[in-house]
Amino acid sequence: MSEGPLAAGGTWPRRRFELDGWWGEVSSTLAPSSPEDRALLHRIERLVDPSHAVETVHWGRNYLYRTEIDTAAGDPVGVVVKQFRNQGTKRRVERRLKGSKAERSWRRALDFVDAGVTTAEPVAWIESTAVDGPSFFVTRHLADTVEARYIFRALADDRLAEAFPHLDREAFLDAIGEALRRMHAAGLFHRDLSIGNLLLPQGIERPTADDVAVIDLNRARRRRAVGLHERHRDLCRLTLVHTSDRRRFLRAYWGRGPSALHWLLYLAYHYGFYGRLAAKKAVRAPFRALATALKPRRAHVHIPQAPEGASARDKIVWDHLSDQPHQHAGRLEKLRVRLADLPSHLHTAAIIARAAPRVAQRHRALTRRAFARPRPWQGAGVCVRPLPEAIPGGTEIVRNAVRDLGVRHVLLRLHPWQEEHDAEEELARALRADGHELIFALPQTRELVRDRALWRRRIEHLATRFAAHGDTFQVGQAINRSKWGIWRASEYLDLAHDAVTILHREGLRAIGPAVIDFEPYATLGILHHPRCPRFDAAASLLYVDRRGAPENPQLGFDTVGKAALVRAIAETSNAVREGGGSWITEVNWPLWEGPHSPAGKDVSVDEEQQADYLVRYFVLALTSGMAERVYWWQLVARGYGLIAPRDAAGDAHGLRRRPAFQAMATMSRELDGARFLRRLETPDGAWLLLFGAADGGELAVGWSLRSSANATAAESTAAESTAAESTAAESTVAGRLPWIARRVVDRDGAELETPASASVELAPGVRYFRL
């Protein structure tokens, strides 16, 4: 490690480093005057590993996350890490000629500090030594700040007093104008100035220029002087709608009222900029789908490369952040494999065509009787895995959490490719001792698909070892996804035949085929295949509309319709034991948490929506009679779990129970021992279901289908909560109970005011009415 040259005129204490595949520069926050390479390497490796993130800040072209590290002085400090990808020829050339975006961000941040313009304190610039490896820019976390975008939007909508009641309008405009004047006077040309790249302290009343932090500096340039053209290229991007606000902002920027020239230049650049944006969007819109299809998919930077020399069928690696495999094979590679397997696919298609009429007839019969018969509430289920060794007392943590959820059914996923299963057995033993009914999932990998002898040995071992804790095993996992190692039906049928034979020989139950998402043709093609072994129940990983509510139809099927179709396939098949039923062994709604989310940002929701949808899905599937069991995947996980690990707002272990946890616990408590009776009449956009309670009384469960006022995680802010509350009433629907409720509980278990009549308000969050 050696001293690094400082920016011209700069005095920021920093050092260069080059350690074990990483190089760059760090500030004295991370490296003391006599640094220990091992300690610094530990801090760097922690920074570049998103598994240590405590919050996703932004998830787009680049990934920003917040984490905590120990400083050189031994004190923890919150930082924000911006991860840049360097994949592709263009990025590699740009990196070689101009430096990476992380390095440029670091240089400009030092320039901002040197010039006295407020920005997030630069902590490190970290570069992978790999040719197309990632780079990272690290800054101190600016806590308790709000993006100026929300203030600008409130100004445009004339609701500043409502959303930011303490903020002085003119002081805000003056502070922004003066801060940008200082930036340009120092020769700093931002080039990507937007209302999201300016931060202010939360709750401030009269901000000054020093309170305005300018961020996202990788495109910024340092000039001898910033000319009129460059100044207006920055200024025109700020969304100011009202003429009075524009004039106030420009007066603060120029230090006097804007001249006619400055005013005309500002308007020309402003309307020109937004006109170009609208034109680009209009031109690109017709080709967006084609561009998406042709654009090569790039893996997240944390995902390991495929094994060298691997064939298209075998380019599969494990993604530890989303806890699932990743398929490196591209679209054309997968297409070539599918074409090579065409005879197998045509055979499956013929099976589907022969069985489809019987399935359709049975589906119509099932949908007619949905909600028509009383049935006991079977109770919700949750899926678990052992916690990482880094979290001490993991078994007890999971055990206590499952107990607090109040669920009886637990699915424990085993990994047959592992050599050791001590942690799984310890967890199974503890949960069984608490009286939970366990089932086990047996997923496959490509290695196990190719080596059936190894698969059989592993299944025999796991069946023998875990039989004392539960008698039901799911054979396979997401068998219609090539990343789980299966490319054609015959590969799964071979595995299933081996596993079911072993399980039945040991007196155990087998369920399958564990098709993921709503792809009924895949389920039909397996369960109606003449080689399919006999399952004791049908198992499916039945995700519905991850983009929205469980009541949303896709191809004409909502949650009940989809569950009914899976059940119809099972009941018309000889491969499912009569009366075995249909179990949904995995469902969730992914969250807006970067690469931890298993399904991508386009289908992610916020935590409040996740909690709403969880309860509604469970209630619909279990009361309609279309499923005997439903399990949520999983208990503890970033991106989708009921509990968020490594959360700054969590307990001593960094674990935070999300709203979905409270919602599931409330559902379990309120419906424990209940019996569904019938669906009540409601207006369009609402549901009311009547239950007989365990104590002999009656209980109604209701909700509305209208979208809640919650924004996505990327758009939400505490400062907008007032506006959200003012529109929340729009998401309620009036319903009528058979008689007046004597107790009302909301989705999370809080008691609400009891209504004076049988008329009640139904919201997107489920409410429980004790009659």
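Remember, it's a predicted structure, so these values are computed and weren't measured experimentally. (Residues numbered from 1 in each chain as written. Predicted model: local features only at pLDDT ≥ 70, side-chain atom pairs only at ≥ 80, totals over all residues. Heavy atoms only, no water.)

## Considerations on the overall build of the protein chain
Working step 1: Within the protein chain, the secondary structure is distributed over 22 helices and 33 strands.
Working step 2: Taken against the 2.2 N^0.38 rule, which gives 28 Å for 771 residues, the C-alpha radius of gyration of the protein chain at 29 Å falls within 12% of a compact globule.
Working step 3: Projected onto the principal axes, the alpha-carbon positions of the protein chain cover approximately 85 × 70 × 50 Å.
Working step 4: For the protein chain, the residues scored as buried account for 55% of the 771 residues in total.
Working step 5: Considering only contacts within the protein chain whose residues lie at least 6 apart along the sequence, 69% involve residues at least 24 apart.
Working step 6: Carbon and sulfur atoms form 50% of the exposed surface of the protein chain, whose accessible area is close to 33,100 Å². (Helix = DSSP H or I, 4+ residues; strand = E, 2+ residues; numbered from the N terminus. Rg over C-alpha atoms; globule rule 2.2 N^0.38 Å. Buried < 20%, exposed > 50% of the residue type's maximum accessible area, 1.4 Å probe, protein only. Contact = heavy atoms within 4.5 Å. Areas by Shrake-Rupley, 256 points an atom, 1.4 Å probe, with all protein chains shown as cover.)

## Looking at the sheet that holds strand β26 (residues 675-679)
Working step 1: Taken in spatial order, the seven strands line up as β15-β26-β27-β28-β33-β30-β31 in an open sheet, and their pairing is antiparallel. Each end of this open sheet is capped by a strand with a single partner; those strands are β15 (375-376) and β31 (751-752).
Working step 2: As paired strands, β26 and strand β27 (residues 686-692) are joined by four bridges and run antiparallel to one another. Bridged to R678 within β27 is L690.
Working step 3: Sitting on the sheet, helix α21 (residues 659-670) is in contact with β28 (698-704), β30 (743-745) and β33 (767-770), with an inclination near 20° to β33. (Pairing = 2+ DSSP bridges. Axes fitted to C-alpha atoms, helices over the stretch in contact; angles between N-to-C directions.)

## Brief notes about the pairing of strand β32 (residues 759-762)
Working step 1: Residue alternation in β32 divides its side chains into a buried set, V760 and L762, and an unburied set, S759 and E761.
Working step 2: Two strands pair when backbone bridges link them, and strand β29 (residues 733-736) and β32 are joined in this way by four bridges, in the antiparallel orientation. By the bridge assignment, A734 is partnered in β32 with E761.

## Focus: the packing of aromatic side chains
Working step 1: A full pass over the atoms with the stated rule returns 20 aromatic pairs.
Working step 2: For the pair F440 and F466, a centre-to-centre distance of 5.3 Å together with 55° between the ring planes defines the contact as tilted. On the criterion of sequence distance, the pair formed by F440 in strand β18 (residues 437-442) and F466 in helix α16 (residues 452-466) is long-range, its members being 26 residues apart. Like F440, the residue F466 is buried in the burial classification.
Working step 3: When the centroid spacing of 5.4 Å and the interplanar angle of 50° are considered together, the rings of F518 and F557 count as tilted. Of this pair, F518 sits in the loop between β20 (509-516) and α18 (520-527) while F557 sits in the loop between β21 (537-541) and α19 (559-571), and the two are 39 residues apart along the sequence. (Phe/Tyr/Trp six-rings, centres within 6.5 Å; stacked < 30°, edge-to-face > 60°.)

## A closer look at the side chain of S100
Working step 1: Considering the arrangement of structural elements, one finds S100 in the loop between α2 (89-98) and α3 (101-115).
Working step 2: A distance of 3.2 Å separates a polar atom in the side chain of S100 from the backbone nitrogen of E103.
Working step 3: When near neighbours in sequence (up to four residues on either side) are disregarded, S100 contacts N86, R95, W125, E127 and S135. (Polar contact = N/O pair within 3.5 Å; in protein donor to acceptor, adjacent residues only side chain to side chain.)

## A word on the pattern of salt bridges
Working step 1: Tallied over the entire structure, the rule returns 63 salt bridges.
Working step 2: R577 is the salt-bridge partner of D536, the closest N and O atoms lying 3.7 Å from each other. Placement of D536 in the loop between α18 and β21 and of R577 in the loop between α19 and β22 (582-587) is noted, with a sequence separation of 41 residues between them.
Working step 3: Using a relative accessible area of 33% as the deciding quantity, one classes R577 as partly exposed.
Working step 4: In the salt-bridge network here, residues are joined through shared partners; they are R313, D314, D341, R446, R450, R488 and E491. (Salt bridge = Lys/Arg side-chain N within 4 Å of Asp/Glu carboxyl O.)

## Structural notes on unusual backbone geometry
Working step 1: A cis amide bond, omega 10°, links G512 with the succeeding residue P513.
Working step 2: Inspection of the secondary structure puts P513 in strand β20.
Working step 3: For the peptide bond that leads from W633 to Q634, omega is -15°, which places it in the cis range.
Working step 4: Within the chain, R191 stands out as a residue other than glycine whose phi angle is a positive 75°.
Working step 5: In this structure, R191 sits in the loop between β9 (188-189) and β10 (198-201).
Working step 6: A positive phi angle is found at D216, which is not glycine, with a value near 60°.
Working step 7: As for its position among the elements, D216 is in the loop between β11 (213-214) and β12 (221-222).
Working step 8: The class of D216 is partly exposed, set by a relative accessible area of 22%.

## Some thoughts on the packing of helix α13 (residues 394-405) against helix α14 (residues 422-433)
Working step 1: Close contact between α13 and α14 brings their axes to 10 Å; oriented N to C, the two are set at 35°. Note on packing geometry: the crossing formed by α13 with α14 is right-handed. Packed against α13, whose contacting residues are T395, V398, R399 and V402, the element α14 presents E426, L427, A430, L431 and A433 at the interface.
Working step 2: Taken together, the residues that form the contact of α13 with α14 break down as six nonpolar, one polar and two charged. (Left-handed = near helix turned anticlockwise from the far one by under 90°. Nonpolar A, V, L, I, M, F, W, Y, C, P; charged D, E, K, R; others polar.)

## Considering the nonpolar core
The tendency in soluble globular proteins is for nonpolar side chains to be buried side by side.
Working step 1: Grouped together as the largest cluster of nonpolar side chains are 120 residues, with contacts concentrated most on V475, L635, L642, M664, M667 and L671.
Working step 2: With 10 residues, helix α20 (residues 607-623) is the largest single contributor of residues to this core.
Working step 3: Not counting residues within four places of it along the chain, the set of residues in contact with L642 comprises V382, L405, L614, W632, Q634, L635, R656, R657, R658, A660, F661 and M664.
Working step 4: I176, L238, L240 and F249 belong to the second largest nonpolar core, which has 47 residues in total. (Core = buried A, V, L, I, M, F, W, Y, C linked by side-chain atoms within 4.5 Å.)

## Focus on a positive patch on the surface
Working step 1: Positive charge collects at one region of the surface, where R233, R276, K280, K281, R284 and R288 lie side by side.
Working step 2: The leading source of residues in the positive patch is helix α9 (residues 260-284), at four residues.
Working step 3: In this fold, R288 is placed in helix α10 (residues 288-294).
Working step 4: With a relative accessible area of 47%, R288 lands in the partly exposed category. (Patch = residues over 30% accessible without salt bridge, like charges linked within 9 Å, V, L, I, M, F, W, Y side chains within 5 Å. Lys, Arg positive; Asp, Glu negative; His and termini not counted. Charge placed at Lys NZ, Arg CZ, Asp CG, Glu CD.)

## Side note on α16
Working step 1: With 15 residues, α16 should cover 21 Å at 1.5 Å per step; its first-to-last C-alpha distance of 21 Å lies within 8% of that length.
Working step 2: Looking at α16, one finds that the buried residues are L454, W455, R458, I459, L462, A463, R465 and F466. Down the axis of α16, the buried set is contained in an arc of 165°. They therefore lie on one face. When the buried face of α16 is taken as reference, the exposed residues oriented beyond 90 degrees from it are R457 and T464.
Working step 3: Check the buried side of α16 and you find it contacts α14, β18, α15 (446-450), β19 (472-475) and α17 (489-505). (Expected span 1.5 Å × (residues − 1). Arc of directions from axis to C-beta.)

## Quick word on the pairing of β19
Working step 1: Of the two faces of β19, the one lined by T472 and Q474 and the one lined by F473 and V475 are each fully buried.
Working step 2: In terms of strand pairing, β18 meets β19 through four bridges, oriented parallel. Note on β19: the bridge partner recorded for A441 is Q474.
Working step 3: The β-α-β motif built from β19, the intervening α17 and the parallel element β20 has right-handed crossover chirality. (Right-handed = clockwise from strand over helix to strand, strands pointing away.)

## Focus on the confidence of the model for the protein chain
Low-pLDDT portions of the prediction should not be read for the details of their coordinates.
Working step 1: Averaged over the protein chain, the pLDDT score is 90; the fraction of residues at 70 or greater is 93%.
Working step 2: Predicted confidence for residues 1-10 stays below pLDDT 50, and this span has 25 contacts to residues more than four positions away or in other chains.
Working step 3: Across residues 708-729, where pLDDT falls below 50, the model places 34 contacts with residues more than four positions away in sequence or in other chains. (pLDDT = per-residue confidence, 0-100.)

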